[in-house]
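Overview (structure and organization)
Spelled out, the chains give:
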Amino acid sequence: MNAMKHSVMSVSRTTGRLTSGGRMLPSFLIMGAQRCGTTSLYRALAQHPLLLKPVLHKGVHYFDTGYAKGVSWYQGHFPLKVGAALLKKRYGIQPMAFESAPYYLFHPLAGERIARDLPGVKLIVLVRDPVERAFSAHSHELARGFETESHFEYAVELEVRRLAGAAEQLRSQPHSLHHSHRHHAYLARGRYAEQLNRLEPLFGRERILVLDSHVFFAEPERVYRQVLEFLGVPELGGPVFERHNGRSRPKPLPESVRQTLMEHFEVYDTDLVPWLGGDPSWRQ
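Residues numbered from 1 in each chain as written. Predicted model: local features only at pLDDT ≥ 70, side-chain atom pairs only at ≥ 80, totals over all residues. Heavy atoms only, no water.

Per an unreviewed UniProt entry, the chain carries the name Sulfotransferase and comes from Nonomuraea mangrovi.

Written out as structure tokens, the structure reads:
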């Protein structure tokens, strides 16, 4: 079954590359953060008839790990313009293509690449309690085999050493990969304001929507309408909201560790207030 799936995807990618000039490019991206509900939002938006997901999978990972493949390869992943034209004729509104790749927010070159290749693109970023995000990310990477240290506290202690020089390497060798930067940045990925402040000069705040994922899961209909308003798309029926990619935790996070990490993130959460228009839900 896996071999068949791989074969189908390979044929589809080849076809996409050959027809890339007749395909759409994204009008918006869900670009992070990791373990913050991006898959759930992606699947809710993909139910809208005017919001068109990639042909094969939610994240193409072009602007982070696949940039050497070129824009034709990237464009080959998206729906055909002729199909979009039929939808425009039916609904009277231009459809939008999109994808979701949480590493885009954290990768030091992704923002510059997106701004250069997708002028006018809009960005959606979800954030959650960074302590919960870190703990969830560790479980996620452990389950996928990308983390070998089973103790969360020790993995956090290792982070500074693991990530030393990573951003500099990715900038100086633009097509290189760094395993720990992608898979072991438990605290660094939760310093959301740092990443958002890097994007602001490239896109302007008006093209970046930051959502509190706790609010999204508590009030999905309201947040969904907020996203459609940001995109300038009318509501055409309501999606089914489901929670995706949740992982069971082997054991609860010790309260002492939680308090230490909450103190670590306090200044970064304060810097997030202007982006959210108020205190993050986990600080209320």
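Overview of the overall build of the chain
Counted only if it meets this: Starting at the N terminus, helices and strands are each numbered in turn, a helix being any DSSP run of H or I of at least four residues and a strand any DSSP run of E of at least two. To get the radius of gyration, use the C-alpha atoms; to get the globule rule, take the number of residues to the power 0.38 and multiply by 2.2 Å. Residues are treated as being in contact if the distance between any of their heavy atoms lies within 4.5 Å. All accessibility values rest on the Shrake-Rupley procedure with a 1.4 Å probe; residue burial counts only the protein chains present in the view. Under the convention used here, Asp and Glu are negative, Lys and Arg are positive, and both His and the chain ends fall outside the count. By convention, charge coordinates are those of NZ in Lys, CZ in Arg, CG in Asp, or CD in Glu.
In terms of regular secondary structure, the chain is built from 14 helices and 5 strands. Its C-alpha radius of gyration of 19 Å places the chain within 12% of the 19 Å reference for a compact globule of 284 residues. If you line up the chain on its principal axes, its C-alpha atoms span 60 × 40 × 40 Å. Sequence separation of at least 24 residues holds for 76% of the intrachain contacts in the chain that already meet a minimum separation of 6. Counting every atom, the chain has about 13,500 Å² of accessible surface; 53% of that belongs to carbon and sulfur. Between the mean site of the 36 positive side-chain charges and the mean site of the 28 negative ones, the chain shows a separation of 11 Å.

Points about helix α11 (residues 192-203)
Note the following rule: In this analysis, the expected span of each helix is defined as 1.5 Å times one less than the number of residues it contains. For every residue, the accessible area obtained with a 1.4 Å probe (protein chains only) is divided by the maximum for its type, and the residue is called buried under 20%, exposed over 50%, and partly exposed between those limits. To obtain the arc, one takes the directions from the helix axis to the C-beta atoms.
In a regular helix each residue adds 1.5 Å, so 12 residues correspond to 16 Å; α11 covers 16 Å between its end C-alpha atoms and thus fits that length. Considered for burial, the residues of α11 that qualify are Tyr192, Ala193, Gln195, Leu196, Leu199 and Phe203. Buried residues of α11, seen end-on, are gathered within an arc of 150° and therefore sit on one face of the element. Elements that come into contact with the buried residues of α11 comprise α5 (103-106), α6 (110-117), β4 (122-127), α7 (130-143), β5 (208-212) and α14 (255-276). In the stretch just after α11, Gly204 is the one whose phi turns positive, near 80°.

Some remarks on the environment of Ala115
Looking at the element boundaries, Ala115 is found in helix α6. The exposure class assigned to Ala115 is partly exposed, which follows from its relative accessible area of 24%. Each C-alpha atom, one on Ala115 and one on His183, is 25 Å from the other, the two residues being 68 residues apart in sequence. If sequence neighbours within four positions are ignored, Ala115 has contacts with Leu202 and Phe203.

Describing the pattern of salt bridges
Rule in force here: A side-chain nitrogen of Lys or Arg and a carboxyl oxygen of Asp or Glu constitute a salt bridge if their distance falls within 4 Å.
Counted according to the given criterion, the structure contains 9 salt bridges. One salt bridge connects Arg162 with Glu147, and the closest N-O pair in it is separated by 2.8 Å. Taken together, the residues span a long stretch of sequence, with Arg162 in helix α8 (residues 152-163) and Glu147 in the loop between α7 and α8 at a distance of 15 residues. For the residue pair Arg162 and Glu147, the accessibility class agrees, reading buried in each case. In this structure, Arg283 engages Asp269 in a salt bridge whose closest nitrogen and oxygen atoms are separated by 2.8 Å. With Arg283 in the segment after α14 and Asp269 in helix α14, this residue pair connects regions lying 14 residues apart in the sequence.

A short note on the packing of helix α2 (residues 38-45) against helix α13 (residues 220-231)
What counts, and what does not: Every axis in this analysis is a line fitted to C-alpha atoms, fitted for helices over the stretch in contact. Angles between the N-to-C directions lie between 0 and 180 degrees. An angle below 35 degrees is read as roughly parallel, one above 145 as roughly antiparallel, one from 65 to 115 as roughly perpendicular, and any other as oblique. Handedness of each helix crossing follows the sense of rotation of the near helix against the far helix: counterclockwise by less than a right angle gives left-handed, clockwise gives right-handed.
Here α2 crosses α13 at 70°, and the two axes come no closer than 11 Å. As summarised for this structure, α2 and α13 are arranged roughly perpendicular, according to the angle between their axes. α2 and α13 meet at a crossing whose hand is right-handed. The segment α2 lies against α13, with Leu41, Ala44 and Leu45 engaging Tyr224, Val227 and Leu228.

Thoughts on the UniProt feature "domain: Sulfotransferase" (unreviewed entry) in the chain
Under the convention used in this document: UniProt positions are given in the numbering used here, feature names are shortened, and annotations may be inferred rather than shown by experiment.
Using the residue numbers shown here, the UniProt feature "domain: Sulfotransferase" (unreviewed entry) corresponds to residues 27-234. A distance of 15 Å separates the end C-alpha atoms of residues 27-234, which is 50% helix and 11% strand.

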